[in-house]
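One-letter residues, chain by chain:
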Amino acid sequence: MTHFHRRAVVCLAALALLAPAAALAQDQAAPRTPWGDPDLQGTYTNKTITPLQRPDSVGNQEFLSDEEVAAQEQARLDRNQALLAAPPRRTVAGGNVGGYNNFWLDGGTRPTNRTSLIVDPPSGRLPARTADAAERKAAHDESYPVEGPFDSWEDLELNDRCLVWSAGPPMLPSAYNNNFIVLQTPGYVVIFAEMIHDTRVIPLDGRDHLPTSIRQWHGDARGRFEGDTLVVETTNLRKTTANAGAVGGDPILLRMDNGRIDDTLTVTERFTRVDDTTLDYEFTIDDPTHFSQAFSGEFPFTAFPAEELPFLFEYACHEGNYSMTNILGGERAQERQTENQQ
């Protein structure tokens, strides 16, 4: 993270003017903004160690017991401490340099009480791809092999180049930068994401979606309130080459498999404030051109205390992106080595 991002300053100014409402009580309605909308504002994190899909090891188990939640959290705490105390290891010349070590990661330590973020289908797993989507994925994997070759920057995917990340929609937890600011004005909800400092501006005035020919990196969002719940419907997600990388990639591969005029992808999100520190977040993906059926997930967003983290700093992924230079420089060095051996 580097210098403070000016959009975060705007968020802070708005948050200062629109102070968070009083804590919810069970016998009270959700707090309201001065103009009467449910107040969802705050600085939140959605980090959790609960996986997107249910592991085979738990079978059909949907929920964790309190003891299992505590045991999983303690195991993650113990692992983090062991990695922190481990002696440094020198990278072997010519070997795999790996990614970030554990010091740089912040995926959380606590699971939800579920065994997967996906709640429907009941299996807790992604539905099967359509035959056409499976062919597109195979073609993508052939065009963008992990091991290269990297003849130019065009051979690297957009998340490698720090241009687009999948901080939403849907807003899934990642290995780090799982922090968001939600702010509201009359007629709009704005969600500022720490990951690559993206900002989603969601109108609430009932306007129609853009024509299907107009695609945007984070889609065309339209919001409305249903009771105390903000419902956001997003269409027109622009096609990218975002992959399902282990760190921060798109595990659902929405942006790779959509972007054609005939695509019918819709992402529906629901935000409900359940108490003074928690937003319940639900998402449903209906994508007939990619998946054999729609699927849904649910997990909490937890607010930071104002005195702990009242703002976010910019995650300037592409500022001084030395990895691009190093990747291409390493490829050129490998080519020279191959030429000298011939």
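Residues numbered from 1 in each chain as written. Predicted model: local features only at pLDDT ≥ 70, side-chain atom pairs only at ≥ 80, totals over all residues. Heavy atoms only, no water.

For the rest of this paragraph, the subject is the environment of Ser-65. Positionally, Ser-65 belongs in the loop between β1 (42–45) and α2 (66–85). When the C-alpha atoms of Ser-65 and Asn-113 are compared, they prove to be 7.1 Å apart, with 48 residues separating the residues in sequence. (Helix = DSSP H or I, 4+ residues; strand = E, 2+ residues; numbered from the N terminus.)

Before going further, it helps to spend a moment on the pattern of salt bridges. Applying the stated criterion across every chain yields a total of twelve salt bridges. The residue Arg-200 makes a salt bridge to Glu-269 at a minimum N-O spacing of 2.6 Å. Highlighted residues: Arg-200 in strand β5 (residues 199–203) and Glu-269 in strand β8 (residues 266–275), separated in sequence by 69 residues. Here Arg-200 matches Glu-269 in class, with each residue buried. Put simply, Arg-332 and Glu-335 hold a salt bridge, and the shortest N to O gap is 2.9 Å. One end of the pair is Arg-332 and the other is Glu-335, both in helix α5 (residues 322–341) and three residues apart, which spans about a single turn. You can call Arg-332 partly exposed: its relative accessible area is 25%. (Salt bridge = Lys/Arg side-chain N within 4 Å of Asp/Glu carboxyl O. Buried < 20%, exposed > 50% of the residue type's maximum accessible area, 1.4 Å probe, protein only.)

Turning next to the confidence of the model for the protein chain. In the predicted model, the protein chain carries a mean pLDDT of 82, and 82% of its residues have values of at least 70. Low pLDDT, under 50, characterises residues 1–27; the stretch is placed with 56 contacts to residues that sit more than four places away or in other chains. Note that residues 242–249 has pLDDT below 50 and, in this model, 23 contacts with residues that lie over four places away or in other chains. (pLDDT = per-residue confidence, 0-100. Contact = heavy atoms within 4.5 Å.)

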